[in-house]
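# Reading the structure
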Amino acid sequence: MRNLRLLKSIRCLKLQGPGTPQCFSVRTDTGTVLIASEYSVTELDTRNRRVQVVNEVSLTVERYLPEDGGGTVVGIQDLPDQESVCVATATGDVILCNLNTNQLECVGSVDSGLSAMSWSPDQELVTLTTGQDTIIMMTKDFEPITEVGIHQDDFGEGKFITVGWGKKETQFHGSEGKHAAQRKTIPAMSWDDRRPRVTWRGDGQLFAVSAVCPLTGARKVRVWNRECVLQSTSETVNGLEQSLCWKPSGSLIAATQRHPNKHSVVFMEKNGLLHGDFTLPFGKEQVKVKELLWNSDSTVLAVWLEDMTPGEEVQLWTVGNYHWYLKQNLDFGSDPQRAPAYVSWDPERPLRLHLVTRGWASLNYDWGWSTDRSHGEDGNDNANVAVIDGDKVLVSTFRQCVVPPPLCAYDLQLPAPVNLVTFQHQRTNELAALTADGHISVYGQAFSIMTLTLTFYCALILCLCCRVAVDQEEPLALRLLLWLREDVFLGVGACTDGPSQSKMLILGPSEAQGPQPTLEIRSHVEVEGHVISMCHSSKTGTVALQLEDGQIRKFLWDSLKPSVVEWKDSAGCIINFPDPCVQTALFTIEEVASNVSSFVVYDDFLLLTTHSHTCRCFRLTTLTVKGLQVALAADGGQNDQNDETLRRVERGSRIVTVVPQDTRLILQMPRGNLETIHHRALVLAQLRKWLDSHKFREAFECMRKLRINLNLIYDHNPEVFLESVETFLRQLDSINHINLFLTELKEEDTTTTMYPCPVNTTGQSAPAACGKKVDIVCDALRCTMESIDQHKYCLSILTSHVKKTVPELEVALQKVHELRVNPPSAANAVSAEEALKYLLFLVNVNELYEHSLGTYDFDLVLMVAEKSQKDPKEYLPFLNMLKTLEPNYQRYTIDKHLKRYRKALHHLSKCGEEHFTEALNLVKDQRLYSEALGLYPTDSPQYKALSCAYAEYLVEQQQAEQAGLLLWRCGEATRALQAFVGSASWRNALCVAEQIPLPSDQLALLARDLAGTKLIELRRYTEAAILLERYAKDCEEAISALITGAVWEEALRLVYLYNRQDIIETNLKPALLEGKPPFSQKAMFTRHKTRLSVVRELKEKARLELLDEDVPDCPEAELYSEASSVMTGSHAGSKYSHSNSRISSRSSKNRRKAERKKLSLKEGTPLEDMALLHALAEIIHSEVHSLLKALVLFQFDGQAGRLQHAYGEALQMIEVALPEVWQEGLQQTQAPITGPNSTANSIMASFQQPRPSATQGQF
């Protein structure tokens, strides 16, 4: 749906060459034009209006052409490799002209003369057609390869295979009837020049020749390969004309055919069969086609026409969706001197057209693709797109419907071919069309018919047709056109004199009265350079101009004296593009991205398609040059599924338009069909606008249609939603829609996961109240629905109960039961059967049956069971059995069946003493001791039995002290004493022993047993000494325990208390001298510290190797963790982590053993570094104060001094080593973040965290 727009035209008049131009060639290396006439070859520089004759070589001096001007040049070709030009004359000479020395060389001559010359696209071969209807093929060095006749009886190497189905005369001929087989061949037209036409395929492997058959007088097309071997011959085509051109892409050969009732451009395949056509917009024998010319990228077909009445035209056709559009019509009038003498496309620039007129005027046209769309941004704009098709403008209104081309919503018929279309910038649905005859037709809306269901928009009607008062000497005097206001047009024309190349024209209605309305030039401004595009902002009224070299200018058209000034940014810097752009739009211009294939600016968004087949949508308010470059550079790489700015599209897609105040984006595929997409960024932006303005219905319908998660309605702004719940319900006004919203609720905040809010939006994503989101929304909706109409919203209320985090199925079932017991009389109420049926839709029938059974309401249970697929034989016996039971025991049986053991115990406790044994077994099986103790009086035998059972359970769980307390309080003193002894709770044990009471001798044995077998093993020496001294009456054993525990001062106290100074010499002093405190183990500290450094280096090296390999879970990782202790944390090696997970489920003894194993100092274990840190901490925390005092007391000054000195050295060494051993942030960086909630990215991020600098630890 694109049109061809003229970007630049260069007109060079009065070249003053000799004779009449006959053919020309474009020099690709210099950009000049070689024009051959009947006298000479002239090289002209036509790139600006000041024509410069670069070179001129006469062909009459050496008699290659006659001096009387009767010679003819049949072909000219620039040869850049040889710095020469090859010229072929009708007399048979092939001349090579050196452009540097102007020397002429005849490289070949044909006596019968030449009728055509054509070089292959790679310029390796040249074909010549002679006057004897032969083809001569030569190399680029003009060495003959072969010569064959054009007219051959053989079909060629591609001859079709016949399967014996009869002759053509006997076959079916369709609507033409059997007389088509006997139809005679019609000879060529009388005006046919009878010359052969030669055209090459784009790859240079085949060429086609069209020549008049001497037998039938009709033209035939033959296809030859590169070796000049005939491949195929076309079928007989009556009315085939002289023009011939092979599409560079290689698919079709274009020619023209004159029918009895129409004139067509037909296409042939390389096998000579016809393959499609289109009709020229002319009557019978109205025009004759002189030439057909494909541009270099096969997108535009130029048709050079000569009117039977004086006048010539050049038409530009394009194809889309198998329909041919006439995009431009260049009418050169009836003056023979203005008629084209030769037409050619530029070989390098696909959309540049070169013409030379018979009056030696050169015309260069640069075209560009553009989509003519309306510019409105409100809901009244119909998203119009206008497509030029000859004298029609095809208008598509994408707001109402998406019509695939070539169809349209309506078409506008004009009296002449259309060259330009523009939409008004105020009433955006109105358009104006500039026709080839220099008139502007203005079309406006008449009215629209509104009905209850549809809105019918009338097609635009012609409001005004006025003549444009500009110079019409050449076609397309206006090449760009903007409709700024109702009576103001802005056009771009070419300057006829002066140094400027462009002229800005402000057009308005003429005040002079005339037979026809006229648009006159109110003012004009000359611009240095060619204006190739302009755009207008309807918000600011600014008009931006782009020059050919990429410069940006601002046109002040609305001032008293219009002028053109440089465009500057906020910093005062001039803004220019590095390269000219065909498509421009007015916004903050910063940079041009080479990866963009099309773009459009809508509201606050820049939408663009890229060559990597993506559609991007950026916010202009947050868009920066760097951000745009980074986004486009990463285009086509890893795609974040939550990135709302990116969407994949079909290869070659282009943007057609955006429907304003909607979410639709229209794309056109390369083959011409249309696709409508809803870009995520546009959808979310529109949804946020609707939600901010409390338009919940529009937002819900859009989200439901486009499958946007409905949680966004709440997550966008929770506080506002909770305040507008009633508005939300009344706007939706549909039970199904409310239920759909409730069923999609989940705890996830979609504004942070699925649909992250842009930086500049103000959406509130935090919950509006404490609690879970689903529960908050369900409760708010339920309360509001119950207050509005609980009967109308019955199903939605049930949904709000079921959807809660902990489903309230019992409440929902109770509401259904109430409906059954008391049927509502309201007209909009639902019955109990309907409610139950809906509830079964939400909840599994078996789960609902179990919950109904938990209500102890058998009527409700039967109602649910009847709606299920259960067999009555399955549930009726069970229900009948339950009905025979006592109520409490009945409920106990139901709760036990439903595995609600706490409720079952509660009901069973009310069933009497005869069921206590059953209750006790239930408590033991389900470990409900605490709940059971609260159900019986403390002085009851049941309470005592439960306490004993609970104590036995606590003993099994290694909680003997708690078991003893429980037994003591219920009067089981003997068993309590055993429990206290087992837990080394000596104070409670002695209290119970006194309460029993125990004899003194047994009490002493108890104290000795507690001290010797329990407390000393636990290194509780002071407590053991108390028992031995006070209860066992054994002071010597008490002193010995204190000496063993290094409690020197307490040991001395007992020695002197019981006058046992002999123990000082026998036990105390030897113990002082033999003591080796941990702090003196400097060698051990140094060894552990050195090993810790080695372990950390190995781990860091392994971490870097894993990052380099970029495979965090490679097979070698486990090997590292087991062999070298290179992985960090408790999850480093799979072997150890798996074993630890097994150990965690074993007994406490085994768990303590596993903990000790974790802190093993064995080299290579996964937690060796943690074990080394633990060992170093134990060394630091050693106690020496009491030992020093005892040594000084007994005059061991030497040992005390050495101990003091060693202690000082150890402290100094430890203080220096603190920053190295205990690094800051060690706990945070010691292990990678793993676990069930971890991801690959989070684990890799934990590995990649930089290690913090070492600082002194705190102790």
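Residues numbered from 1 in each chain as written. Predicted model: local features only at pLDDT ≥ 70, side-chain atom pairs only at ≥ 80, totals over all residues. Heavy atoms only, no water.

Residues Ala832, Ala835, Leu836, Tyr838, Leu839 and Leu840 constitute the buried set of helix 11 (residues 832–842). Check the buried side of helix 11 and you find it contacts helix 7 (735–743), helix 9 (794–802), helix 10 (809–821), helix 12 (845–853) and helix 13 (858–867). (Buried < 20%, exposed > 50% of the residue type's maximum accessible area, 1.4 Å probe, protein only. Helix = DSSP H or I, 4+ residues; strand = E, 2+ residues; numbered from the N terminus. Contact = heavy atoms within 4.5 Å.)

Right, let's talk about the pairing of strand 51 (residues 654–658) for a bit. In terms of residue burial, strand 51 counts as a mostly covered element, since five of its five residues are buried. Bridge analysis of strand 51 against strand 52 (residues 664–668) gives four bridges, and the strand direction is antiparallel. Each residue of the ladder has a partner; that of Ile655, found in strand 52, is Leu667. (Pairing = 2+ DSSP bridges.)

Another aspect to go through is the packing of aromatic side chains. One pass over the full model with this rule turns up 24 aromatic pairs. Measuring from ring centre to ring centre gives 5.2 Å for Tyr889 and Tyr892, while their planes differ by 50 degrees; the resulting arrangement is tilted. A residue pair is termed a helical-turn pair when its members lie 3 or 4 positions apart in one helix, as Tyr889 and Tyr892 do in helix 15 (residues 887–897) at three residues. We classify Tyr892 as buried; its relative accessible area is 2%. (Phe/Tyr/Trp six-rings, centres within 6.5 Å; stacked < 30°, edge-to-face > 60°.)

Before going further, it helps to spend a moment on helix 27 (residues 1062–1074). For helix 27, which comprises 13 residues, the first-to-last C-alpha distance of 18 Å matches the rise-based estimate of 18 Å (1.5 Å per residue) to within 8%. Residues of helix 27 that are buried: Ile1063, Ile1064, Leu1068 and Leu1072. Elements that come into contact with the buried residues of helix 27 comprise helix 25 (1035–1044), helix 26 (1048–1057) and helix 33 (1185–1193). (Expected span 1.5 Å × (residues − 1).)

Judged by nonpolar contacts, the single largest core of 70 residues is most densely connected at Leu946 and Leu1027. Element by element, the count of residues in this core is highest for helix 19 (residues 941–956), at eight residues. Each residue touching Leu946, except ones within four places of it in the same chain, is listed here: Phe916, Leu920, Val923, Tyr929, Ala932, Leu933 and Tyr936. Counting 34 residues, the second largest nonpolar core, distinct from the first, contains Leu710, Ile713, Leu745 and Val774. (Core = buried A, V, L, I, M, F, W, Y, C linked by side-chain atoms within 4.5 Å.)

This paragraph deals with the packing of helix 13 against helix 14 (residues 872–883). In a pair of packed helices, the angle between the axes and the distance between the axes together describe the arrangement. Interhelical geometry of helix 13 versus helix 14 gives an angle of 180 degrees and a closest axis separation of 12 Å. One way to sum up the angle between helix 13 and helix 14 is to call them roughly antiparallel. Of the residues in helix 14, those in contact with Phe858, Val861, Leu862, Ala865 and Glu866 of helix 13 are Tyr875, Leu876, Leu879, Leu882 and Lys883. The residue inventory of the contact of helix 13 with helix 14, partitioned by class, reads eight nonpolar, no polar and two charged. (Axes fitted to C-alpha atoms, helices over the stretch in contact; angles between N-to-C directions. Parallel < 35°, antiparallel > 145°, perpendicular 65-115°, else oblique. Nonpolar A, V, L, I, M, F, W, Y, C, P; charged D, E, K, R; others polar.)

Any functional reading would require information that these geometric values do not contain.
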